[in-house]
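# Examining the three-dimensional arrangement
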Amino acid sequence: MWSADEIAELCYEHYRTRLPKQGKPDPSREWTLLAAVVKVESVANGEGSAGVGSLQVAKEVVALGTGTKCIGVNKMRKTGNSFFFTICSVIVQYLYETGDIQ
């Protein structure tokens with residue numbers, strides 16, 4: 001099995017190394033939301049990046065989204081979940097259109 005911290009680190013590494021600096025927040029005074037879809041597949045023994053016992057898995061970030069969509073104050077929720085749904089819906093729509101999910 002893999003841990004949530006391991007999956008999070010995979011996503012953060014993808015964010016740091018695969019996305020350009022342009023548009024990223026200044027870490028000393030700004031922040032942003034991040035959502036990702038990670039594909040986990042079983043692989044033959046010896047080829048996986050992590051595993052428990054004989055189960056080997058390969059993990060790959062297949063979609064990653066950052067930022068918030070600007071919405072009117074009357075549509076904002078106190079819980080903030082409308083922002084998370086916005087980012088995730090864009091990722092899911094992308095995966096669906098590219099055929100990565102059905």
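Residues numbered from 1 in each chain as written. Predicted model: local features only at pLDDT ≥ 70, side-chain atom pairs only at ≥ 80, totals over all residues. Heavy atoms only, no water.

## What to know about the overall build of the protein chain
Each helix and strand counted, the protein chain has two helices and three strands in total. Ordered by position from the N terminus, the helices and strands of the protein chain form the series α-β-β-β-α. The proportion of buried residues among the 102 residues of the protein chain is 18%. Within the protein chain, contacts between residues at least 6 apart in sequence are counted, and of these 48% link residues at least 24 apart. Working note: accessible area of the protein chain is about 7900 Å², and carbon and sulfur atoms make up 54% of it. (Helix = DSSP H or I, 4+ residues; strand = E, 2+ residues; numbered from the N terminus. Buried < 20%, exposed > 50% of the residue type's maximum accessible area, 1.4 Å probe, protein only. Contact = heavy atoms within 4.5 Å. Areas by Shrake-Rupley, 256 points an atom, 1.4 Å probe, with all protein chains shown as cover.)

## Overview of the packing of aromatic side chains
Applying the stated criterion to the full structure yields zero aromatic pairs. The ring of Tyr15 carries the charged tip of Lys24 above its face, separated from the ring centre by 4.4 Å. (Phe/Tyr/Trp six-rings, centres within 6.5 Å; stacked < 30°, edge-to-face > 60°. Lys NZ or Arg CZ within 6 Å of the ring centre and 35° of its normal.)

## Section: the side chain of Lys59
Looking at the element boundaries, Lys59 is found in strand β3 (residues 55-66). Here Lys59 falls in the buried class, since its relative accessible area comes to 15%. A distance of 2.9 Å separates polar atoms of two side chains, one belonging to Lys59 and the other to Glu6. (Polar contact = N/O pair within 3.5 Å; in protein donor to acceptor, adjacent residues only side chain to side chain.)

## Details of the confidence of the model for the protein chain
Looking at the protein chain, the pLDDT average stands at 76 and 67% of residues meet or exceed 70. For the protein chain, strand β2 (residues 50-52) is the element with the lowest average pLDDT, namely 52, and helix α1 (residues 4-18) is the one with the highest, namely 93. (pLDDT = per-residue confidence, 0-100.)

## Some thoughts on the environment of Trp31
Within the element layout of this structure, Trp31 appears in the loop between α1 and β1 (34-43). Of the residues examined, Trp31 reaches a relative accessible area of 65% and is grouped as exposed. C-alpha separation for the pair Trp31 and Gly67, spaced 36 residues apart in sequence, amounts to 8.8 Å.

## Focus on α1
Its 15 residues give α1 an end-to-end C-alpha distance of 21 Å, which sits within 8% of 21 Å, the value for a rise of 1.5 Å per residue. Residues of α1 that are buried sit in contact with β1 and β3. (Expected span 1.5 Å × (residues − 1).)

## Topic: the pattern of salt bridges
The final tally for this structure, using the stated rule, is six salt bridges. The salt bridge involving Arg16 is made with Glu9; its shortest N-O contact spans 2.6 Å. On the basis of relative accessible area, Arg16 is assigned to the partly exposed category, the value being 45%. In this structure, Glu60 engages Lys39 in a salt bridge whose closest nitrogen and oxygen atoms are separated by 3.6 Å. Within this pair, whereas Glu60 is found in strand β3, its partner Lys39 is found in strand β1, the two being separated by 21 residues in sequence. (Salt bridge = Lys/Arg side-chain N within 4 Å of Asp/Glu carboxyl O.)

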